[in-house]
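# Summary of structural features
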Amino acid sequence: MGGIPVIDVAPLLTGSPQQAYAVAGELGGACREVGFFYITGHGVPPALMDRVFESSAAFFSGPASIREAASFSGPGSNRGYIRLGGEALDPAKPADVKEAFNIGLELALDDPELLARAPFRSANLWPDMPGFRETMLDYFNRVWRLGRDLHRGFALDLGLEPDFFETRLDRPIATLRLLHYPPVAAPLADGQLGAGVHTDYGNVTLLATDAVGGLMVQDRSGRWHDAPVVPNAFVCNIGDCLMRWSNDVYVSTPHKVVSPPGADRYSVAFFLDPNPDAIVACLPSCTNSDRPAKYAPITGAEFLRSRLEPTYSSEAT
């Protein structure tokens with residue numbers, strides 16, 4: 001695999017057009033070859049990241065009644081608390097050894113799509129914890145902006161207008177996901193992991209981790225490699241939706257989490273999926289007579305629903 005590249009994206013965010021193109025080329029190379037990359041120079045304040053992790057740890061270690069009051073609303077809205085063993089990212093294997101809390105795009109109570117109960121349009125389920133909502137929404141909005149900036153790099157690399165994705169990500173099916181992997185004491189069931197082998201579903205994932213480690217990435221030959229912890233960096237990966245959009249020019253890479261024994265592991269993932277009504281169709285720059293379109297057009301909502309439902313089967317809920 002040659003390692004996961006570390007890319008300083010500051011020139012993409014604030015540099016000259018020439019510097020932005022250079023970063024876009026680095027991003028494109030990583031998306032084609034590895035499907036994973038780290039980003040530094042992203043501008044998200046370390047103090048805010050610390051507060052997010054502190055609030056996440058307090059939520060998972062606090063009274064069970066607080067978590068249960070915000071129980072998971074189902075894959076149709078994808079918000080709230082998912083109990084330990086409530087999910088299997090590899091549906092063929094035992095349930096994952098983790099718990100999670102999902103936060104979606106915050107909508108006004110009178111938002112027309114919310115009132116119409118449109119797909120993936122629901123109110124967030126906020127736990128009764130002072131400052132939790134404010135901290136998470138601050139982080140959500142900053143990383144959402146960062147994800148759109150990354151898409152500007154993808155667009156430049158793929159020969160599109162720089163703002164091609166902007167209107168397709170301005171009301172996204174984005175999920176901020178707090179994750180807790182409790183210490184593993186007893187032997188796990190055969191094939192059971194902290195997070196089973198999977199590819200991500202959306203366009204791009206921006207993951208912040210603690211220092212415990214445990215993320216593993218599969219290379220093209222099928223070998224597994226540890227993803228080292230890079231302080232103050234996000235580890236990013238391409239999801240199946242952007243792979244589909246790019247006609248498999250970009251690659252979505254299998255990965256898993258092996259929970260280290262005797263340690264709590266916390267991570268914070270931001271999954272950026274397109275707007276529910278965005279049409280995911282082969283990009284014009286990603287097809288030619290030798291490379292016909294591999295996938296039929298589909299909406300963002302239809303694609304995500306097709307991926308989420310097997311994850312929350314009756315065996316994992």
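Described in the following lines is the structure provided in the data block. (Residues numbered from 1 in each chain as written. Predicted model: local features only at pLDDT ≥ 70, side-chain atom pairs only at ≥ 80, totals over all residues. Heavy atoms only, no water.)

### Thoughts on the pattern of salt bridges
Enumeration over the complete set of coordinates arrives at 14 salt bridges. Between Asp138 and Arg142 there is a salt bridge whose closest N-O contact spans 2.9 Å. Of this pair, Asp138 and Arg142 both sit in helix 6 (residues 132–157), four residues apart, which is roughly one turn of the helix. Looking at Asp138, the relative accessible area reads 28%, which means it is partly exposed. Between Arg223 and Asp219 there is a salt bridge, with its nearest N and O atoms 3.2 Å apart. Exposure remark for Asp219: the relative accessible area of 5% places this residue in the buried category. Overlapping salt bridges, with partners in common, bring together Arg145, Arg148, Asp149, Arg152 and Glu166 in one network. (Salt bridge = Lys/Arg side-chain N within 4 Å of Asp/Glu carboxyl O. Helix = DSSP H or I, 4+ residues; strand = E, 2+ residues; numbered from the N terminus. Buried < 20%, exposed > 50% of the residue type's maximum accessible area, 1.4 Å probe, protein only.)

### A short note on the environment of Glu302
As for its position among the elements, Glu302 is in helix 8 (residues 300–311). Along the chain, Glu302 and Pro276 lie 26 residues apart, while their C-alpha atoms are 7.7 Å from each other.

### Side note on the sheet that holds strand 6 (residues 195–198)
Strands sit in the order 6-11-8-9 across an open sheet of four strands; the sheet is antiparallel. Each edge of the open sheet carries a strand with a single partner, namely strand 6 and strand 9 (224–226). On average, adjacent strands in this sheet sit at an angle of 20° to one another, irrespective of strand direction. Where strand 6 meets strand 11 (residues 255–257), two bridges bridge the pair, whose relative direction is antiparallel. Across the sheet, the residue bridging to Ala195 is Val257, located in strand 11. (Pairing = 2+ DSSP bridges. Axes fitted to C-alpha atoms, helices over the stretch in contact; angles between N-to-C directions.)

### Observations concerning the sheet that holds strand 10 (residues 234–238)
As summarised here, the arrangement of the eight strands in space is 1-2-10-7-12-5-4-3, forming an open sheet in which the pairing is mixed. Only two strands of the sheet have a single neighbouring strand rather than two, namely strand 1 (6–8) and strand 3 (80–82). The mean inter-strand angle of the sheet, taken between neighbouring strand axes irrespective of direction, is 25°. Relative to strand 10, strand 2 (residues 36–40) runs antiparallel, the two being bridged by four bridges. Among the inter-strand pairings, Ile39 is bridged to a residue of strand 10, identified as Phe234. Running at roughly 160° to strand 1, helix 2 (residues 17–33) makes contact with strand 1, strand 2 and strand 10 of the sheet. Across the sheet, helix 6 is in contact with strand 2, strand 4 (99–103), strand 5 (173–181), strand 7 (204–209), strand 10 and strand 12 (265–273); its angle to strand 12 comes to roughly 55°. (Contact = heavy atoms within 4.5 Å.)

### Thoughts on the packing of aromatic side chains
What characterises a pair of aromatic rings is the spacing of the ring centres plus the angle enclosed by the ring planes. For the coordinates displayed, the defined rule picks out eleven aromatic pairs. On the basis of an interplanar angle of 85° and a centroid distance of 5.2 Å, the ring pair of Phe140 and Phe270 is categorised as edge-to-face. Within this pair, whereas Phe140 is found in helix 6, its partner Phe270 is found in strand 12, the two being separated by 130 residues in sequence. Per residue, the accessibility class of Phe140 equals that of Phe270, and both read buried. Considering the side-chain rings of Phe154 and Tyr250, the 5.8 Å spacing of their centres and the 75° angle between planes classify their relative orientation as edge-to-face. With Phe154 in helix 6 and Tyr250 in the loop between helix 7 (240–245) and strand 11, this pair connects stretches of sequence that are 96 residues apart. For Tyr250, a relative accessible area of 0% gives the class buried. Taken together, Phe59, Phe60, Tyr81, Phe101, Trp126 and Phe132 form an aromatic cluster joined through their ring pairs. Stacked on the ring of Phe164, the Lys or Arg Arg168 has its end atom at 3.9 Å from the ring centre. (Phe/Tyr/Trp six-rings, centres within 6.5 Å; stacked < 30°, edge-to-face > 60°. Lys NZ or Arg CZ within 6 Å of the ring centre and 35° of its normal.)

### Some details on the nonpolar core
Core analysis: the largest hydrophobic core is formed by 65 residues, its most contacted members being Tyr139, Phe154, Phe165, Leu206 and Phe234. Sorting elements by how many residues they give to this core places helix 6 first, with eleven residues. If near-sequence neighbours (up to four positions away) are discounted, Leu206 is found in contact with Ile39, Val143, Leu146, Gly147, Leu150, Phe234, Val235, Cys236, Val268, Ala269 and Phe270. (Core = buried A, V, L, I, M, F, W, Y, C linked by side-chain atoms within 4.5 Å.)

### Looking at the pairing of strand 4
Of all the five residues making up strand 4, five are buried; the element is thus mostly covered by neighbouring parts of the structure. Burial along strand 4 is two-sided: the residues Glu99, Phe101 and Ile103 and Ala100 and Asn102 are all buried. The pairing of strand 4 with strand 5 spans five bridges and is classified as antiparallel. If you follow Asn102 over to strand 5, its bridge partner there is Arg177.

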